[in-house]
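Structure at a glance
So you can see what is in the structure, the chains are spelled out below.
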Number of protein chains: 2
Amino acid sequence: MRLKVVLVEPIYEGNVGSIARVMKNFGFSDLVMVNPCLLGDFGCAMASHAKDLLEEAEIFDQMEEAIKDANLVVGSSGVKALKTDEHLRVPTLSPSKLATKLMGLNGTVALLLGREDNGLSREELRVCDMIVTVPTSQDYPIMNISHAAAVILYELSHVDEGKITLAAREDRDRFIDHLRSALVESQYYPHKLEKTMLMVKRILGRAELTDREVQTLHGVIRSLRWRVKGSGE
Amino acid sequence: MRLKVVLVEPIYEGNVGSIARVMKNFGFSDLVMVNPCLLGDFGCAMASHAKDLLEEAEIFDQMEEAIKDANLVVGSSGVKALKTDEHLRVPTLSPSKLATKLMGLNGTVALLLGREDNGLSREELRVCDMIVTVPTSQDYPIMNISHAAAVILYELSHVDEGKITLAAREDRDRFIDHLRSALVESQYYPHKLEKTMLMVKRILGRAELTDREVQTLHGVIRSLRWRVKGSGE
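Computed from a predicted structure; not experimentally measured.

Analysis parameters
- Every chain is numbered independently, its residues counted from 1 as its sequence is written.
- Lettering for chains starts from A, numbering for ligands starts from 1, and both go in the order in which the items are written.
- With the structure being a predicted model, the display of local features is reserved for residues of pLDDT at least 70 and the display and counting of side-chain atom pairs for 80 or more, all residues being used for whole-chain, interface and lining totals.
- By convention in this description, side-chain values take in all heavy atoms of the structure and omit both hydrogens and water.
- Accessibility here uses a 1.4 Å probe with only protein chains present; expressed as a share of the type maximum, an area under 20% marks a residue as buried, one over 50% as exposed, and anything in between as partly exposed.
- Helix numbering and strand numbering both begin at the N terminus, where a helix is a DSSP run of H or I of at least 4 residues and a strand a DSSP run of E of at least 2.
- Here, a strand pair is defined by DSSP locating no fewer than two bridges between the strands.
- Classification remark: right-handed applies to a crossover when, strands pointing away from the viewer, the course from the first strand over the helix to the second runs clockwise.
- By definition, residues are in contact when any of their heavy atoms lie within 4.5 Å.
- Lines fitted to C-alpha atoms define the axes, with helix axes restricted to the stretch in contact, and inter-axis angles between N-to-C directions lie between 0 and 180 degrees.
- Here the copies are superposed with least squares, the fitted atoms being C-alpha atoms of residues at a pLDDT of at least 70 in both.
- Joining two parts hides part of their accessible area as seen by a 1.4 Å probe, and the buried area is that hidden amount summed over both.
- When a carboxyl oxygen of Asp or Glu is within 4 Å of a side-chain nitrogen of Lys or Arg, the pair counts as a salt bridge.
- Here a polar contact is recorded for every N or O atom pair within 3.5 Å, except that within protein the pair must consist of a potential hydrogen donor and a potential acceptor, and residues adjacent in sequence are included only if both atoms are side-chain atoms.
- All residues other than Ala, Val, Leu, Ile, Met, Phe, Trp, Tyr, Cys, Pro, Asp, Glu, Lys and Arg, Gly among them, are scored as polar; the first ten of these are nonpolar and the last four charged.
- Pairing of aromatic rings covers Phe, Tyr and Trp, the last counted by its six-membered ring, and requires centre-to-centre distances within 6.5 Å; plane angles under 30 degrees mean stacked, over 60 mean edge-to-face, and any other angle means tilted.
- Each ring is checked for a lysine NZ or an arginine CZ that lies within 6 Å of its centre and within 35 degrees of its normal; such an atom marks a charge sitting over the ring.
- Each domain's extent was defined by an automatic or database domain assignment.
- Note on angle classes: values under 35 degrees are labelled roughly parallel, values over 145 roughly antiparallel, values of 65 to 115 roughly perpendicular, and the remainder oblique.
- A clockwise turn of the near helix away from the far one marks a right-handed crossing, whereas an anticlockwise turn of less than a right angle marks a left-handed crossing.

Two faces, one strand: in a regular strand the side chains alternate between the faces of the sheet. Residue and element names in this part refer to chain B. Counting buried residues in strand β2 (residues 30–34) gives four out of five residues, a clear majority hidden from the surface. In the sheet, strand β1 (residues 2–8) pairs with β2 via five bridges, with the strands oriented parallel. Following the sheet pairing, Val 8 is matched in β2 by Val 34. After leaving β1, the chain enters helix α1 (residues 13–25) and then returns to the sheet as β2, a path that is right-handed. In the sheet, β2 pairs with strand β3 (residues 58–60) via three bridges, with the strands oriented parallel. Across the sheet, Met 33 pairs through a bridge with Ile 59, a residue of β3.

In structure tokens form, the structure reads like this:
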């Protein structure tokens with residue numbers, strides 16, 4: 001498993017440097033940033049001996065480009081933020097459950113860490129296959145972003161690579177589009193369509209699909225679609 | 001279990017503030033400092049909504065006072081520092097093993113976090129019953145102290161209090177003194193005495209002794225001592 005840490009519009013250079021340091025502490029090196037703040041002396045000081053990660057970091061304007069090659073996208077979110085929109089943000093995993101889920105898989109996982117003030121937007125969370133949340137005290141659940149990263153990366157550093165190669169995300173998306181067309185065709189409740197698709201996307205996201213499984217699912221829909229067409233005629 | 005976080009001569013106020021914040025994130029509130037740096041605006045800013053922990057922190061000149069009421073003393077140390085002196089520093093536990101060990105116990109645990117540059121001294125490590133080390137990459141094992149604290153406190157936040165009340169540390173120390181006297185009396189190898197005592201201290205430290213067990217051990221030594229005296233006369 002290759003892990004990319006994607007910082008989405010980080011505001012404070014100190015946090016960026018701190019995250020680079022803790023990445024290197026736990027053996028990770030792929031740092032990606034979307035529209036980051038400027039990095040100066042303080043950020044470099046906080047990175048300490050992980051300045052190389054800052055220098056080699058990939059920088060993009062759009063999140064979509066930053067996660068293009070990821071087989072799985074995992075968003076991180078604070079406990080408090082999760083209460084607002086169940087459909088969008090659950091299921092959430094603890095860092096240790098995330099590590100267990102990724103054990104034995106092969107592919108690229110993008111871990112998205114949002115802005116220090118507002119986290120990830122609804123649109124950004126929508127793209128995620130899973131959400132990871134560090135369990136915190138109710139009294140003060142808002143963690144510094146580099147501390148949340150430390151805990152998540154600590155758990156992920158135990159994950160061993162395996163032989164199960166994950167399907168590409170675009171292949172999964174193609175399947176979702178296929179299912180959406182089939183549902184439209186079958187006159188599925190229009191007002192429920194998008195929520196259902198999001199739920200299916202989440203289910204498939206946490207199911208760690210392989211290529212072969214995605215192809216089989218396409219076959220299932222093709223078969224059902226043929227019957228729908230057949231019965232309609 | 002009550003956890004006290006003891007910062008031993010911290011150098012950077014930013015780290016002190018960060019540690020206060022992550023303590024509160026994980027539901028801990030007892031902060032103790034031994035000869036800390038001055039705390040100014042930056043330290044308070046890093047503490048964010050955990051300024052109350054800084055304000056209520058206990059401050060001492062001597063480490064011994066800071067841990068007086070602790071039943072167990074756990075020192076934290078980086079992986080690299082551990083290689084020098086086996087006798088002194090092992091056994092080391094990962095944060096998750098430490099959490100498992102503390103599960104179900106009742107008493108006060110002091111977690112010692114050392115200086116950012118030199119960690120805990122040999123003398124300070126000698127006082128510890130256990131050492132906790134966050135497993136890190138060999139390439140860059142030196143973590144920021146607040147990140148190490150985040151990982152350790154994350155693991156300890158899962159520990160449930162239990163019914164097994166730990167013996168007071170001074171009662172354990174009294175037993176060690178008792179054993180030392182008995183060994184001197186029995187003409188144990190003088191050049192091995194202190195290393196052996198340290199090893200026994202470590203063994204008892206990680207054995208989570210209760211009052212009753214300490215009393216029983218005293219009885220064992222009294223009995224042996226009587227025989228030693230008896231055979232010598």
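All names here are of chain B. If you walk across this open sheet you meet the seven strands as β3-β2-β1-β7-β4-β8-β5, and the pairing is parallel. Each having just a single partner strand, β3 and β5 (92–93) make up the two edges of the open sheet. Note that β1 and strand β7 (residues 108–113) share six bridges and pair parallel. Its bridge partner lying in β7, Val 5 is registered against Leu 111.

We now examine the sheet that holds strand β8 (residues 130–132) of chain A. Residue and element names in this part refer to chain A. Reading across the sheet, the seven strands line up as β3-β2-β1-β7-β4-β8-β5 and stay open at both edges, with parallel pairing between neighbours. Since the sheet does not close on itself, it has two edges, and those belong to β3 (58–60) and β5 (92–93), each with one partner. Each of β1 (2–8), β4 (72–76), β7 (108–113) and β8 touches helix α8 (residues 145–156); the most contacted strand, β7, lies at about 160° to it.

The next point concerns the relation of the copies chain A and chain B. With an axial shift of 0.0 Å and an RMSD of 0.1 Å, the rotation relating chain A to chain B amounts to 180°. On the angle and the small slide along the axis, the relation comes out as a two-fold axis. Most of the interface of chain A is mirrored in chain B, where 100% of its interface residues are also at the interface.

This paragraph deals with the interface of chain A and chain B. Opposite the 30 residues of chain A that make contact, chain B presents 30 residues. Summing both sides of the interface, chain A and chain B together bury roughly 2,300 Å²; the carbon and sulfur share of this comes to 62%. The tally of links from chain A across to chain B stands at zero salt bridges. At the junction of chain A and chain B, the tally comes to 20 residue pairs in polar contact (both at pLDDT 80 or more). The element contributing the most residues to the side of chain A that touches chain B is α8(A), with six residues. Across the side of chain A that touches chain B, the residue classes break down as 15 nonpolar, twelve polar and three charged.

Moving on: the packing of aromatic side chains. Counting across every chain of the model gives six aromatic pairs over all chains. The interplanar angle of 85° and the centroid separation of 6.4 Å between the aromatic rings of A:Tyr154 and B:Tyr154 together place this pair among those described as edge-to-face. Taken together, the residues span two chains, with A:Tyr154 in helix α8 and B:Tyr154 in helix α8 (residues 145–156). Residues A:Tyr154 and B:Tyr154 agree in their burial class; the two are buried. For the ring pair B:Tyr188 and B:Tyr189, a centre distance of 5.5 Å and an interplane angle of 65° mean the geometry is edge-to-face. Pairwise contacts between aromatic rings join A:Phe26, A:Tyr154, B:Phe26 and B:Tyr154 into one cluster. Lying over the aromatic face of A:Tyr189, A:Lys192 brings its terminal NZ or CZ to 4.7 Å of the ring centre.

On to the domain arrangement of chain A. Often, the extent of an interface is quoted as the loss of accessible area upon association of its parts. All names here are of chain A. Per the domain assignment, the segments of chain A are domain 1 (2–165) and domain 2 (169–232). Measuring from the centre of the C-alpha atoms in domain 1 to the corresponding centre in domain 2 gives 29 Å. Taken together, the contacts link 23 residues of domain 1 with 13 residues of domain 2. Each partner contributes to the roughly 1,500 Å² buried at the junction of domain 1 and domain 2, and carbon and sulfur atoms together form 48% of this total.

Residues and elements named next belong to chain A. The tally for this structure, following the rule as stated, stands at 28 salt bridges over all chains. Note that Glu 123 is salt-bridged to Arg 126, the shortest N-O span being 3.8 Å. With Glu 123 and Arg 126 both in helix α7 (residues 122–127) and three residues apart, the pair spans about one turn of that helix. Note on Arg 126: relative accessible area 32%, which makes it partly exposed.

Residues and elements named next belong to chain A. The contact between helix α1 (residues 13–25) and α8 brings their axes to 9 Å, and the two run at 15°. Relative to α8, the element α1 lies roughly parallel. Considering how the two elements wind past one another, α1 and α8 form a crossing that is right-handed. On α8, the residues that touch Asn 15, Ser 18, Ile 19, Val 22 and Met 23 of α1 are Ile 145, Ser 146, Ala 149, Ala 150 and Leu 153.

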